[in-house]
Structure formats: structure tokens, C-alpha cells
Amino acid sequence: MHPTIDQKALTRQLATAERRNKIKAFLLVLPLLLFVLASFIVPIGSLVWQGGYSDTFANALPETSKLLAAWDAKSPVSEELVKSFVTELKASKLKDPATPTRVATVVNRELSGSVSKFKQVMNASDLASPYKEKLTALNGEWEKPDLWRAMKIVSPSFTPRFYLQAVDLRLTAEGDVKPEGDENAIHLLLFGRTLMVAALVTFFCALLGFPIAYLLAHAETKTSNMLLIIVLLPFWTSLLVRTTAWIALLQQNGVVNDFLVAIGLIDNDHRLVMMYNMFATLVAMTHVLLPFMILPMFSVMKTIKPNLVRAALSLGATPWTAFWKVYFPQTIPGLGAGCLLVFILAVGYYITPALVGGQSGQLISNIIAFHMQKTLNWSLASAIATLLLIGVLLLYWLYNRLVGIDKMKLA
Amino acid sequence: MLRGVGPDNRSDEGREEINMTVSTQSGYVVFDKVEKTYDGRVLVVKSLDLTVARGEFLTMLGPSGSGKTTTLMMLAGFETATGGDIYLDGAKINHIPPHKRGLGMVFQNYALFPHMTIAENVAFPLKVRNISKADAESKVRKALEMVQMAGLEGRKPAQLSGGQQQRIALARALVFEPKLLLMDEPLGALDKQLREHMQYEIKRLHETLGITVVYVTHDQSEALTMSDRIAVFNDGRIQQLASPDELYEKPQNSFVAQFIGENNQLRGVVKDILGGHARVEIGSSGTIEALAIQAEIGKPTIVSVRPERVEIEPASSDIAAIGRIEEVIYLGDHIRLRMNVLGNSEFIVKVRNGSNRRGFAVGDEVKIGWSLNDCRALDV
């Protein structure tokens, strides 16, 4: 018989002995954890939140919001609702003079022209009972249900309308979901275009990067170091400068056109339009993202034993078979990592398409920036960004299923 | 039938002509004045002539950088000879790419394809030859049985031990019945015990299959165990090409004598040569007789004697000397004595550890002697 060991005491001893180490380890990662929490988790959380939450209207006009929620969106509005609207709108100015304008802007997004009608209400000084008649006297539009319906749509704080808008759907006052009118339906188009551009850029990067990575991995150390520096050189130059350089190259009076005219390949009057369109976006993004493809592929190719290809050849495989059946499968982890990296970066790319893309080369991130900076519709921007994030996570999941993330080698 | 190999695109007349130019008609593999340089300045293989007979197990043995692996790579087609010709089965193969040579090859680190299963690995040479699936399957099974690895078909190479991987590599190299099996230090990565076991295994396969094997190693015991003949490489040249016993018993120069087994070297000057026997003056300590293998009168020489051929207090011997014991090492089956003999304090004598052995102590002076046939005067 072995002497009986008190298993529980042993476990306890081990835990005590390891606790100090655990605390030490935790303290070491704590600064990074806090940083990641503050700079990554919290902003993303607030992004997702803001995409479904907008309280501008409900905060300024709480009573009106309740009454609007109770209204069936068809029958004529009640005197009580109109009174509450007028008094609350007027009162909201006392807290912050900008509030009525903000509320008007929010309503205006649902029904354009609303701002001027709100202004009339704010400027009118003699609004009193009966409010409904007075308001109609001010502007006939107040009698129609449209304005009130628009207000009913924007009044709830929690709303799916931004997410719906991000995929070109709209919420009606009755709570139905309808497709957006053609003139406003641009998000799906941009999502599609973004995915296509990202896929094309990834494809071109892989096509151009593979031979370079191969050369890097199999050249002599001296040559490969030199080549590696050339590959990394773009990283040491500002992204802005690199993108602008493409403008100098591709514009109508640019280097490429001048050259083509000089060698007589094209006529001076028919210079190629290569700038401010999709072509420019593709070229510039491929160039900028190429190193992200080359580096992981290079690091993987470097570890592939040259004997494998030799073995395949000695066993009777043609050089092509040896490459395709033996060498290429070994590069998949690097190729996969490179593709994932480039694709994810390309999906969210902003500066390059903004500078060289013109109208046809704009991507989803440009519309996000547009909503953030121009229309100030942050909720819509958040909703689009959240959908983009979900899309990327889905792709990441798919990649993990197909290739396996544990096989990925980034550098 | 192996495809793409040999002179199928040549007329019979052409073949005859080629045979005429080959120096050794019986050779299955012939190197004819083959040279190789990588940088255009230094020859790593110098005017190499070598003939391998059909069914022979030939080992290229030498230190690293001696040109043995380069020679093998030229035979496999991964390096091109910068001079001379290589013939396989009568046909010149200098410009035939490796995948058309039909040679099986086993690499130092096995070179199994990590993304394929064992069965896929072994079936690879059959698949690239478009052999039908049913045929391939039975061949793969036979090949795996041959190396005693049946039942591992579905595993990946990384799940196997080094020895198992080596067997699979062997099966893969043999499954398509190649004309010739090339092995590049195939046992280098295995531990000692497994290595010895695999040596016998490879030898057995060679004997049952009757295949011609060209084997490269830097391990002399491996070479001695397996080979029909051994080509000892050094400095881009074959120093000696002989059977294992001849190589050990009758080394032709001091490099071979040093490289194969252990050797005592006594430096001296040849005084005269009479009937194949040289009288060599060892410094001022005395003169001994030795077989004149590479000796010229008046020139310096190295007299070589194997440690186990030296006898302690012999009743009678061709050559006798006095040795002073400097060091005694007990090794179980034998006792190793380091002695000072004729002014050389690195002289080693191996004494069999018999039941009636005498004791040795440092500082003892003992009479030693050896036979003239074990004592060779070689180049410096």
C-alpha cells in the first residue's frame, strides 16, 4: 500500500504556491489589458450600442415621445399631442439653445424640409390653445400626418432603423420594414463594391506577392536582405505620400500618360483616364497592401525544406507537379495569413480611396466618414461600421473553418 | 515500366556509339572524368572516374566538403556536372532532368510530404506515373509491408518517429521499382541504436531486391557494415575504392588509414626499399621495417599500424619495440594503453581483456611488437 496522500491538501498547497506567480503574471499584463479595454473594447461596444440607440428626440421631447408611441400613425393627431410637442420644443431651448435644431435635423433625415417647419414653430411667439389650429395656420403641412409620422419613427431611443438603413431598408411609422427608395439605396452597393475591391486587391496582392516572396525565401542571404529592404521601404514612407505619388503617376498629365504619348502608343487627345476612379483605387491599394501579403508568405516559405521539392522530382513528378502538389500546399498557411490580413485591411480602407477613388472608387469606409463628418448621423455611421465588423468576423470564422487559424503564420 | 528514363529517344546505333565511349562496359553507373565547380574557381569534384556494377551496394564515404554529396546530387540530376559525363545503364544522363531519371532517392531528413498521409506519400511516385488506383494501392501495401510499416497508411508523417519516417521514405523511394536507389545520409538523424538496426534493414532490402544502391555517409562504421565497395572521398577525389575489408586492412594512403578505423602514425624518413619493404628511420629513436606502399627513398613517410594489431610481449614478431605506458583506460572488452613508442607519445595499443591478463601501470616499460604485414609506409 502506498501511504495515503491528502489530495485536497496537495491541491491547496499547489494553488498557494502558484498564486504568487499568477498575480505577478496578471500584474504584468494589466497595463495592456487596461489599454485594450479603453482603446478597443469600449469604443467597439459603444459603436454597436450607438448603432441601435439615439435619444436626441426622446430626451428633448419625452412626453411627446410617449404620445407618439401611442398614436396609430393614421388617425388625425390629437390636440394633446400637438400641445405637448409645442410646449416641450419651446422648453427644450431653455436648457440648450441648440436642442430644437438638433431635433429638427433628426426629423429632417426622415422627411426632408422638416427643419424649416420646426424653425417656423420656434420663431412663432403666439402659439397657444388651440395648438392644432394655430400650428396649421403657421404651415399647412402640420395638418398632414407626414411630419408626425416622421417624428413617430425617430422618437424611440432604441431603434433598429439605423441598422435597417445601413442595409438600404427603412422603418415606417407603422413599424413595417420597406426597401429604401432608389435614390437613397447606396449602402448595399457600397458594401458590395467594398467586398469586390477587397477581394480583387487580395487577389492581385497574392498574384504579385507570391513570386516575390518565393524569390526572397530562396535567394542567397545577401540578395534576399536587399530585396526585403526594398519590400519594406514603403512602410517607411507616409501612406499619404505613397498615395499621392500614384496621383502624379496616373493622372491625365501624369508620368504614365506622358510616357505612353511619347512612345506613340496613345494619341495626345486620348489620354487614358486612370485617376479618380476604381482603377486608381485598385492600383494604389494593391501597392500599399502588398507588403502585408509578402511578409507572411516569405516567413512560411523560408521554413519549407528544399529537399521536399527535390524528393518530389526524384520520385518522378514534373517541376510543375512538384510545385503544385508539394511546394504550394506548404505555403497555404502563409498565403492564408496574407490574404486574411490584406482582405481585412482592404475592407476598412479609407485614405487611399478617398484620395484617388473619385466617385466610382469610393468604398464603405468613405460613406462612414461621410456620415461622421458631414451629415453628423453618427448612429448610421456606427450601424454601418458594426455591420462591417460583423462581416469581417464572419470571414475570420470562415477562414478558421477552412484553413485553421492555428496554422496561420504572420511573420 | 518506368517512363521517360533512358535512351528511348535515341536510335540503337546511337546507343552503341555511347557504349563505345564508356570506359567500363560492365558499369551500370559510370562517372567519366566528372568535374564540378560552384564558383568557377574551386573544383569540389575533381576528374572523378567511378563505375558502379548492377546490383552493387556502393558507399561514398568522406568528411563533409569532400565532394561525396555533390557527386550524388549530380547523379540524381540536382546538380549539373561542369565537366565529364555520367552514364546510367549505358545512356548519357548529363542533361536529363531529375524527374525523368527514374531514380529512387532517400534524403537525410526523410523529406516526407507533411501535408499528405503515409499512403499518399508512398503512392506519390505512382500517381505521377498515372498508375491505376487499384494497382497503386496494392503496390503501396506491398511497399509498406516490405519496410514493416503496414497499418500506418492514414497517419501523417509528423505523427511518426524518426525511424518510422525513414522506413516510409524508403518505401516511397522503392515503390516504383527504380533502376537505382540513392541514399543521402539517410540515417544521420537517428539515434545510435536505431541507426544500427536500420543498417541491417537496408542491407537486407538490398539483398532481397537486388537493387543497385549508391549510398552517401560520413559514418565509417555504417559504410563498413553495409557496402559491397566503399569509395573514400577527400578533397574532391576518390582516395581509395575497395571492399570494406581491403579498405581496412590495406589502406592505400595515410588519409584512408586515418579515416577508416583507428591508426598509429609514426613519422620518419625512408632509408632504403628492398623487395617491397622499406626501412624507415623514425627520428633518432630507431629504424623499423614497413611495407612500402607509398614510399620513396629519402622522402618522409608515415608508418601506420592498427592499435589492435600490436602485441604486448610477443614471443616473436617482425618488428619489436619498447613502449612506456602513459595512460591506461579500462573499456570493458579491451584495455586501451597510450604509450610512448619511438618518441611518439600518442601510440595506442588495444589489449584484449582476457582472464589471464597482466596488470598495467603508468610508467611501466613493456616490449611490444607487430607483424610486417600490418605495418604500412604511406604518404605524408
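Residues numbered from 1 in each chain as written. Chains lettered and ligands numbered in written order. Predicted model: local features only at pLDDT ≥ 70, side-chain atom pairs only at ≥ 80, totals over all residues.

1. Observations regarding the overall build of chain B
Broken down by element type, chain B carries 9 helices and 20 strands. Summarising its shape, the C-alpha atoms of chain B cover approximately 75 × 50 × 35 Å along the three principal directions. Counting every position in chain B, which comprises 380 residues, the buried fraction comes to 39%. A fraction of 65% describes how many contacts in chain B between residues 6 or more apart in sequence connect residues 24 or more apart. (Helix = DSSP H or I, 4+ residues; strand = E, 2+ residues; numbered from the N terminus. Buried ≥ 20, exposed ≤ 12 C-beta atoms within 10 Å, placed from the backbone. Contact = placed C-beta atoms within 7 Å.)

2. With respect to unusual backbone geometry
Residue and element names in this part refer to chain A. Cis geometry marks the peptide bond from Ser129 to Pro130; its omega dihedral reads -5 degrees. Inspection of the secondary structure assignment puts Pro130 in the loop between α6 (114–123) and α7 (131–138). Even without glycine at this site, Tyr276 takes up a positive phi of about 55 degrees. Look at Tyr276 and you get partly exposed, because 19 C-beta atoms sit within 10 Å.

3. Some details on the sheet that holds strand β14 (residues 300–305) of chain B
All names here are of chain B. As summarised here, the arrangement of the 5 strands in space is β11-β12-β13-β20-β14, forming a closed barrel in which the pairing is mixed. The mean inter-strand angle of the sheet, taken between neighbouring strand axes irrespective of direction, is 55 degrees. Relative to strand β13 (residues 286–292), strand β12 (residues 277–282) runs antiparallel, the two sharing 6 bridges. For Ala278, the partnering residue across the bridge sits in β13 and is Ala290. (Pairing = 2+ DSSP bridges. Axes fitted to C-alpha atoms, helices over the stretch in contact; angles between N-to-C directions.)

4. Section: the sheet that holds strand β2 (residues 43–53) of chain B
Sheet strands line up and pair through hydrogen bonds in the backbone, either parallel or antiparallel. All names here are of chain B. Taken in spatial order, the 4 strands line up as β2-β1-β4-β5 in an open sheet, and their pairing is antiparallel. Every other strand in the sheet has two partners, leaving β2 and β5 (91–92) as the edge strands with one partner each. Examined bridge by bridge, strand β1 (residues 27–37) and β2 share 7 bridges and lie antiparallel to one another. Within the sheet, the bridge partner assigned to Phe31 lies in β2 and is Leu50.

5. Looking at the domain arrangement of chain B
What the domain assignment reports for chain B is domain 1 (12–102 + 178–249) and domain 2 (262–378). Taking the mean C-alpha position of each, domain 1 of chain B and domain 2 of chain B sit 35 Å from one another. (Domains from an automatic or database assignment.)

6. Some points on the confidence of the model for chain A
Confidence along chain A averages 88 in pLDDT terms, with 97% of residues attaining 70 or more. No element of chain A has a lower mean pLDDT than α7 of chain A, which averages 85, and none a higher one than helix α10 (residues 187–218) of chain A, which averages 94. (pLDDT = per-residue confidence, 0-100.)

7. Here's the deal with the packing of helix α1 (residues 7–50) of chain A against helix α19 (residues 378–402) of chain A
All names here are of chain A. Contact geometry for α1 and α19: axes closest at 7 Å, N-to-C directions at 115 degrees. The angle between α1 and α19 places the two elements in the roughly perpendicular class. Pair α1 / α19 crosses with left-handed handedness. Of the residues in α19, those touching α1 at Leu47, Val48 and Gln50 are Trp378, Ser379, Ser382, Ala385 and Thr386. Of the residues contributing to the contact of α1 with α19, the split by class is 4 nonpolar, 4 polar and no charged. (Parallel < 35°, antiparallel > 145°, perpendicular 65-115°, else oblique. Left-handed = near helix turned anticlockwise from the far one by under 90°. Nonpolar A, V, L, I, M, F, W, Y, C, P; charged D, E, K, R; others polar.)

8. Considerations on helix α8 (residues 145–154) of chain A
Every buried residue of α8 of chain A is accounted for by Leu147, Trp148, Met151, Lys152, Ile153 and Val154 of chain A. On its buried side, α8 of chain A packs onto α2 (56–60), α3 (62–70), α5 (99–110), α6, α9 (161–166) and β1 (169–171) of chain A.

9. Structural notes on the nonpolar core
Generally speaking, soluble globular proteins have nonpolar side chains that are buried together. Judged by nonpolar contacts, the single largest core of 106 residues is most densely connected at Ala171, Leu182 and Val214 of chain B. If you tally residues by element for this core, the top one is helix α5 (residues 162–174) of chain B, at 6 residues. (Core = buried A, V, L, I, M, F, W, Y, C linked by C-beta atoms within 7 Å.)

10. So, the domain arrangement of chain A
On domain assignment, one finds that chain A holds domain 1 (1–41), domain 2 (56–160) and domain 3 (187–407). Relative placement of domain 1 of chain A and domain 3 of chain A: their C-alpha centres are 43 Å apart.

11. Notes on the pairing of β13 of chain B
Residue and element names in this part refer to chain B. A loop of 3 residues connects β12 with β13, the two strands running antiparallel in sequence, and Gly283 in this loop sits at a positive phi of about 50 degrees. Pairing between β13 and strand β20 (residues 375–378): 2 bridges, direction parallel. Considered in β20, the bridge of Ala292 is made with Ala377.

12. Description of the pairing of strand β16 (residues 319–330) of chain B
All names here are of chain B. Pairing between β16 and strand β19 (residues 365–370): 6 bridges, direction antiparallel. Note on β19: the bridge partner recorded for Arg324 is Glu365. Hairpin connection, β16 to strand β17 (residues 334–341): the antiparallel pair is bridged by 3 residues, and Gly332 has positive phi, about 85 degrees.

13. Notes on the interface of chain B and chain A
Listed by partner, the interface residues are 18 residues for chain B and 15 residues for chain A. Where the side of chain B that touches chain A is concerned, the elements lending two or more residues are β6 (103–106) and α3 (118–127) of chain B. Broken down by class, the residue content of the side of chain B that touches chain A amounts to 12 nonpolar, 4 polar and 2 charged.

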